[in-house]
Each structure stands twice: as C-alpha cells, then as structure tokens.
Amino acid sequence: MAEEACKTTPAPAKISGSLCGFESLEQLLQARLPPKELAQVQRLLHGWNAGGPVQALPLAPAAAAEAAAANFDLQAYRFQAAAEQLRPPRVVRIGVIQHGMVAPTTAPIEEQRQAVYERVQTLVDAAGVAGVQVLCLQEFWACPYFFCTRERAWCEFAESVEEGPSTRLCQQLARKHNMVIVSPILERDEAHGGTIWNTSVVVGNNGNVIGKHRKNHVTRCGDFNESTYYMEGDTGHPVFETAFGRIAVNICYGRHIPLNCLAFALNGAEIVFNPCCTLGGWAFESLWPIEARFSAAANSYYMCAINRVGTEVFPNAFTSGDGGPAHQDLGPYFGSSYVAAPDGSRCPSLSRDRDGLLVAELDLNLCRQAEDRFNFRMCGRHDMYAELLARYVRPDFEPQVVRDPSLPAPPGSAA
C-alpha cells in the first residue's frame with residue numbers, strides 16, 4: 001500500500017508529513033533495500049564517523065518507557081572522535097525536541113500555550129532521564145506558526161526574554177535537570193516600544209539567562225510573511241560559553257546563508273543549533289538533509305537541525321500572493337530533525353510526523369580534528385573575501401567580470 005501511494009501521490013499529503021506511509025526516509029530505505037545495498041546508500045547519505053556508521057547510543061530503559069507512554073519518537077546516537085595523547089575526550093550529551101501544536105488555533109491563546117507547555121515539559125523531562133546536558137527546542141515552540149496569516153492579533157504570543165512565561169518554565173526545567181536549554185520564542189522588547197523579534201533565549205544549567213540571539217535573516221518567500229511582524233536581528237553572531245561547551249543558535253533561514261554559518265565558526269562555536277519551521281513540498285525539503293551536514297563539515301562544528309511536525313489550521317483563510325486560492329493552512333511540517341558532525345557524518349532523522357526527542361553524545365574533540373584534517377579554516381582566504389565584501393556594499397561597486405573581446409558589443413554600449 002505504501003509503495004502504491006508513492007507511485008500515485010506526486011506531493012506530500014495535506015495533513016500527514018509521512019513519506020509514502022513511512023515515518024522517515026531511513027525507514028523507507030530499510031524496508032526496500034537488502035542489507036548490503038542499504039549499507040552503501042547510508043554511507044553516502046549519512047557519511048561515516050570513526051570509520052563506520054554513526055553508532056546507536058544506549059539509553060536508560062526509563063527513557064524508552066517515557067517515550068512509549070507519551071507516544072513520541074526517541075532516538076539516540078554517539079559521535080566519536082579519535083583518541084588523543086594530550087587531550088582527554090570532551091564528551092557532551094545534547095538533545096533536540098520536535099513537536100506539533102496540541103490545542104487548535106481557535107482555542108484561547110493561554111489555552112494553546114498551556115497545552116504545549118505540558119507536552120514539551122514531558123519531552124524535556126524525558127531528556128533529563130536520558131542524561132541530556134544541552135537541549136534545544138524548535139523555532140517558536142510555544143505558539144503556532146501564524147505569520148502566514150498576516151493578522152496582528154497573534155502578536156499576543158510575544159513575550160519578554162527575561163520575565164516571559166516560556167523563559168520561566170525553561171528556567172525551572174534547567175534547574176531541575178542541570179541542563180542548558182535553548183528556547184526560541186517570539187520576543188516582545190518593552191524597552192524599545194514593544195518591538196517584536198524572533199529570538200532564541202539561552203538558559204544556563206543553573207536557571208540563569210545567559211543571553212539571547214535574534215534571527216539574522218528573515219524569511220520572505222511564499223507564505224512566510226515574517227517581516228510583517230519583525231525585522232532582522234541586531235545581536236550579531238554570539239557564541240555562548242556554557243558549562244558543557246560553546247554553543248550558538250543559527251535560527252531557521254540563516255542556514256541557507258553560508259556567510260552566516262561561517263560567522264558562528266569564526267566566533268568559536270562548537271555546537272550550532274538550527275531551530276526551524278520548514279514545510280514539506282518546498283525546495284527547502286530537498287535541501288534539508290544536506291544543509292546542516294554541509295555547514296558542519298565546512299565550519300568544523302556540530303550542527304543540529306530541528307523542525308516541527310503537524311499541520312496548523314487557522315480560523316481565517318489567507319492567500320499566498322501567487323494567484324492561487326485562499327487556504328487556511330500551510331500543509332505539513334515534516335520533522336526529520338537530525339545532528340551532523342564536523343567530519344561530514346550525520347545521524348538518522350526523527351519521524352516526519354510525530355513528536356520526538358533526539359539525543360546525541362558528541363565528542364567535541366572532533367571539531368579540531370576535522371579542521372586539522374580538512375584545513376578549511378587555514379585555506380579560507382578571509383582577507384580576500386573581506387576586501388571583496390567591502391567593495392560590494394558600496395554604491396559604486398563594479399563586478400569583476402573579464403569579457404571575451406571577440407564577443408559582439410552588448411546592446412546599447414558605445415561602439
């Protein structure tokens with residue numbers, strides 16, 4: 001039946017984010033390929049870590065029991081580095097959470113918020129049982145992705161970084177589990193006239209707010225009408241030194257911008273979280289499996305790609321500005337959260353259509369080992385790029401184009 005669906009359905013289903021009836025690409029491949037061929041396909045799709053596939057990480061039975069009881073996907077993997085003579089292993093256990101909204105968008109805002117708080121707390125508690133030390137939630141985890149509607153009433157979801165209810169909850173959970181938590185929220189900046197930002201709050205393992213990062217690159221395509229609500233952030237590319245390593249947050253659309261990814265590496269990031277809201281059926285879906293892997297390898301850090309799941313239906317229909325009919329949803333978010341390593345390897349992804357917790361044990365020594373192996377930073381020619389960019393941002397910039405003199409003169413040019 002799943003195979004027939006694959007043949008007859010040209011686009012993802014409207015409500016389900018599954019892939020031809022399978023929860024993930026990995027499940028589809030396992031069901032269709034013999035073991036020998038599957039191993040080679042996985043080698044190319046996921047790369048190798050420490051001479052072989054990324055290994056599964058055993059977790060306490062209590063973690064699996066919580067996942068079964070609460071009906072969420074739980075997966076765990078271990079990324080290894082080579083043993084060194086002068087440095088001991090620097091092992092940290094991280095987690096990423098993907099989920100759908102619990103209450104309908106027609107419910108009162110406080111009801112929607114409390115419902116998702118209860119669901120996420122269950123997942124965070126499971127991460128605590130699994131020994132997670134640094135955890136990142138998905139983009140706008142406490143509200144639906146309502147920016148497609150362009151309606152202003154949704155701004156009530158915006159909250160304070162320091163005093164908002166989402167931060168307060170994360171502070172409690174951070175203290176409870178001795179865990180750093182990255183909480184991507186819609187920020188209301190009361191000190192500057194109530195300005196709204198797309199902001200990730202970094203809560204320390206002691207429950208303190210270490211800092212925040214505001215999204216650098218705002219999405220302006222299709223129904224992603226984010227600039228109706230907020231503009232580009234003003235916090236640069238901060239790297240947060242935590243008890244468990246140096247982390248950064250490259251919010252959603254920023255993963256498409258290579259220079260944005262590079263900037264976090266230049267500031268010393270070892271783990272970069274990429275919380276997103278990414279839909280199935282777009283070109284971005286085909287980029288999803290490779291972008292985090294490329295960024296990790298190119299910049300010698302771990303990259304964690306985090307998406308949401310489910311389809312969010314809004315009370316009022318909206319249009320996309322493309323001549324198509326009005327609609328009340330964007331279609332399914334396809335989950336598929338995963339972690340990529342600086343050696344170019346990555347783990348299998350979480351489910352496309354279920355809530356999930358992905359746990360990964362990372363040896364941070366792999367960051368320097370990968371840089372020593374590939375020499376990308378040494379060969380970077382940053383001085384040359386800096387000079388080009390300095391000229392590019394000037395109004396009188398002229399591209400460096402060397403034209404074949406045998407070509408006919410361009411129309412309108414002087415003879």
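Remember, predicted model here, so these are calculated numbers, not experimental data.

A. Quick peek at the side chain of glutamate 139. By secondary structure assignment, the location of glutamate 139 is in the loop between strand S4 (134-136) and helix H6 (165-177). Glutamate 139 gets classed as buried once you look at its relative accessible area, which sits at 0%.

B. Representation of empty space enclosed by the protein. Enumeration over the complete set of coordinates arrives at two cavities of 30 Å³ or more. A volume near 80 Å³ is recorded for the largest cavity. Lining the largest cavity are Thr219, Phe224, Glu226, Cys252, Tyr253, Arg255, His256, Cys277, Thr278, Leu279 and Phe284. Among the residues making up the lining of the largest cavity, the classes are represented as six nonpolar, three polar and two charged. Lining the second largest cavity are Arg113, Phe140, Ala142, Cys143, Phe157, Glu159, Ile185 and Leu186. Per-class residue counts for the lining of the second largest cavity are six nonpolar, no polar and two charged.

C. Molecular detail of the environment of alanine 50. Mapped onto the fold, alanine 50 is located in the loop between helix H3 (35-46) and strand S1 (55-56). Sequence-distant contacts of alanine 50, defined by excluding residues within four places in its chain, comprise Gln80 and Asp343.

D. View of the sheet that holds strand S6 (residues 195-203). Spatially, the eight strands line up as an open sheet ordered S1-S2-S19-S3-S4-S5-S6-S7, and their pairing is mixed. The sheet terminates laterally at S1 and strand S7 (209-214), the two strands that pair on one side only. Where strand S2 (residues 73-79) and strand S19 (residues 356-363) come together, seven bridges link them in parallel fashion. Each residue of the ladder has a partner; that of arginine 78, found in S19, is glutamate 361. Lying on the sheet, helix H5 (residues 109-129) is in contact with strand S3 (91-98), S4, strand S5 (180-189) and S19; it crosses S19 at an angle near 30°. Strands S5, S6 and S7 of the sheet are contacted by H6, whose axis makes an angle of about 165° with S5.

E. Looking closely at the pattern of salt bridges. Evaluation of the coordinates by the stated rule reveals 24 salt bridges. A salt bridge links arginine 220 to glutamate 232; the nearest nitrogen and oxygen atoms lie 2.7 Å apart. Remark: glutamate 232 occurs in the loop between strand S9 (224-225) and strand S10 (240-242) and arginine 220 occurs in strand S8 (residues 220-221); sequence separation between them is 12 residues. According to the relative accessible area criterion, arginine 220 is partly exposed, its value standing at 45%. Residue glutamate 387 pairs with arginine 391 through a salt bridge whose shortest N-O separation is 2.7 Å. In this pair, glutamate 387 and arginine 391 both sit in helix H10 (residues 382-392), four residues apart, roughly one turn of the helix.

Thresholds, definitions, all that
- Residues numbered from 1 in each chain as written.
- Predicted model: local features only at pLDDT ≥ 70, side-chain atom pairs only at ≥ 80, totals over all residues.
- Heavy atoms only, no water.
- Helix = DSSP H or I, 4+ residues; strand = E, 2+ residues; numbered from the N terminus.
- Buried < 20%, exposed > 50% of the residue type's maximum accessible area, 1.4 Å probe, protein only.
- 1 Å grid on protein atoms, 1.4 Å probe; cavity = no way out; pocket = protein on both sides within 12 Å on 5 of 7 lines; lining within 4 Å.
- Points joined across faces, edges and corners; volume = space filled by probe spheres on them.
- Nonpolar A, V, L, I, M, F, W, Y, C, P; charged D, E, K, R; others polar.
- Contact = heavy atoms within 4.5 Å.
- Pairing = 2+ DSSP bridges.
- Axes fitted to C-alpha atoms, helices over the stretch in contact; angles between N-to-C directions.
- Salt bridge = Lys/Arg side-chain N within 4 Å of Asp/Glu carboxyl O.

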